[in-house]
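Structure at a glance
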Amino acid sequence: MSVKGAHVEPVRISTLEFQIYDIVFSKQLVALYQISYTETVVGSHADEAQWHKEAFFHGTGHCGCLQARITNPENHMVLAHQWCGSMRCATQGILNHGHLRTMCASNGHFFSPSLTIPREFAAKKSGVHQHLPIFICRARNITRHKPGGDDVYYVANDQDILPFYLAIVRRK
Ligand SMILES: [Zn+2]
C-alpha cells in the first residue's frame with residue numbers, strides 16, 4: 001500500500017482541537033496542520049481496532065520552511081508536495097510519502113506517546129531554527145524500542161504509522 005499526502009490544511013486556532021493540542025504542547029503550539037491523504041487509511045477499514053487510540057509524536061527536522069507556514073496559517077491550504085518543495089527537507093519528505101522506510105537510516109519508524117524525546121530529536125534536526133515540526137501519528141503493530149528504557153516505540157512497516165497532524169511548536 002502506498003499512501004501519499006494530498007494536502008495539508010490549517011486547523012483554526014479557535015477550535016477545540018487546536019486548544020487541546022496547545023495544552024498538550026505546553027502552550028507552545030504555533031500552528032496545527034491536518035494532513036489529508038489520497039485514500040482513507042484509518043476509519044473506513046475493518047481493521048480500525050488495530051490502530052491505537054492514543055496519539056504518538058514524531059519529531060523531525062526542516063529546512064526553515066516552518067517560518068513561512070506560521071504566517072497567517074488559517075488561510076493557507078497547501079498541497080502536500082508544495083509545502084516547501086525541498087528534496088532535502090525531512091518535513092517535506094514525510095508530507096510527500098507519509099513515513100517511508102527507505103527514507104530513514106534505521107530499520108523502523110520511531111515515535112513516543114510523550115513529547116520529551118520527539119522534541120529533543122526535532123530540536124537536534126532543526127538546527128538553528130526557532131520552530132520545530134512534530135508529527136502527530138496513529139500507529140499499529142507497535143514495538144517498544146528498549147524494554148524498560150525510554151518511552152520510545154517503533155513500527156517496522158511503513159503502513160503501520162500514519163501522520164495525521166503536523167504541529168509547529170516553539171523551541172523552548
Ligand atoms: Zn522544508
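Scroll up for the structure.
Our subject in this report is the structure included herewith. (Residues numbered from 1 in each chain as written. Predicted model: local features only at pLDDT ≥ 70, side-chain atom pairs only at ≥ 80, totals over all residues. Heavy atoms only, no water.)

Another point: helix α1 (residues 16-24). Burial in α1 covers these residues: Phe18, Tyr21 and Asp22. Projected down its long axis, α1 carries its buried residues within an arc of 110 degrees, all on one side. Of the residues in α1, the exposed ones pointing more than 90 degrees away from the buried face are Leu16 and Ile23. Buried-residue contacts for α1 involve β2 (29-37), β6 (131-139) and β9 (161-170). Ser26 occupies a position one or two residues after α1 and carries a positive phi of about 50 degrees. (Buried < 20%, exposed > 50% of the residue type's maximum accessible area, 1.4 Å probe, protein only. Helix = DSSP H or I, 4+ residues; strand = E, 2+ residues; numbered from the N terminus. Arc of directions from axis to C-beta. Contact = heavy atoms within 4.5 Å.)

What follows deals with the sheet that holds strand β8 (residues 153-155). Taken in spatial order, the three strands make up an open sheet running β5-β8-β7, and their pairing is antiparallel. The open sheet has two edge strands with one neighbour each: β5 (109-111) and β7 (143-144). Bridge analysis of β7 against β8 gives two bridges, and the strand direction is antiparallel. If you follow Thr143 over to β8, its bridge partner there is Tyr154. (Pairing = 2+ DSSP bridges.)

A separate point is the coordination of the zinc ion. Binding of the zinc ion to the protein goes through Cys63 (SG), Cys65 (SG), Cys84 (SG) and Cys89 (SG), at separations of 2.3 Å. For the zinc ion, the four donor atoms in the first shell make angles of 105 to 114 degrees at the metal, so the coordination geometry reads as tetrahedral. When the donor residues of the zinc ion are listed from N- to C-terminus, their spacing reads C-x1-C-x18-C-x4-C. In this pair, Cys65 sits in the loop between β3 (56-59) and α2 (66-69) while Cys89 sits in the loop between β4 (78-79) and α3 (90-97), placing the two residues 24 residues apart along the sequence. One exposure class covers both Cys65 and Cys89, and it is buried. (Donors = N, O, S within 2.8 Å, 3.2 Å for Na, K, Ca; no water. Tetrahedral: all angles 85-135°; square planar, octahedral: opposite > 155°, others 65-115°.)

With respect to the secondary-structure elements, Pro113 resides in the loop between β5 and α4 (116-125). Between the C-alpha atoms of Pro113 and Cys137, which are 24 residues apart in sequence, the distance is 9.6 Å.

To continue, consider the pattern of salt bridges. Per the stated rule, a full pass over the model turns up three salt bridges. With a shortest N-O distance of 3.9 Å, Lys27 and Asp22 are connected by a salt bridge. By relative accessible area, Asp22 is classed as buried at 13%. Ionic pairing is found between Asp151 and Arg144, a salt bridge with its closest N-O pair at 3.5 Å. (Salt bridge = Lys/Arg side-chain N within 4 Å of Asp/Glu carboxyl O.)

Of all the nine residues making up β6, nine are buried; the element is thus mostly covered by neighbouring parts of the structure. Burial of the side chains of β6 extends over both faces: His131, Pro133, Phe135, Cys137 and Ala139 are buried on one face and Leu132, Ile134, Ile136 and Arg138 on the other. Sheet topology places β3 next to β6; four bridges connect them, and they run antiparallel. Paired with Gly59 across the bridge in β6 is Ile134. Here nine bridges tie β6 to β9, and the two strands are oriented antiparallel to one another. Each bridged residue has a counterpart across the sheet, and for Phe135 the counterpart in β9 is Leu166.

It is worth stressing that arrangement in space is one thing and function is another; only the former is reported here.
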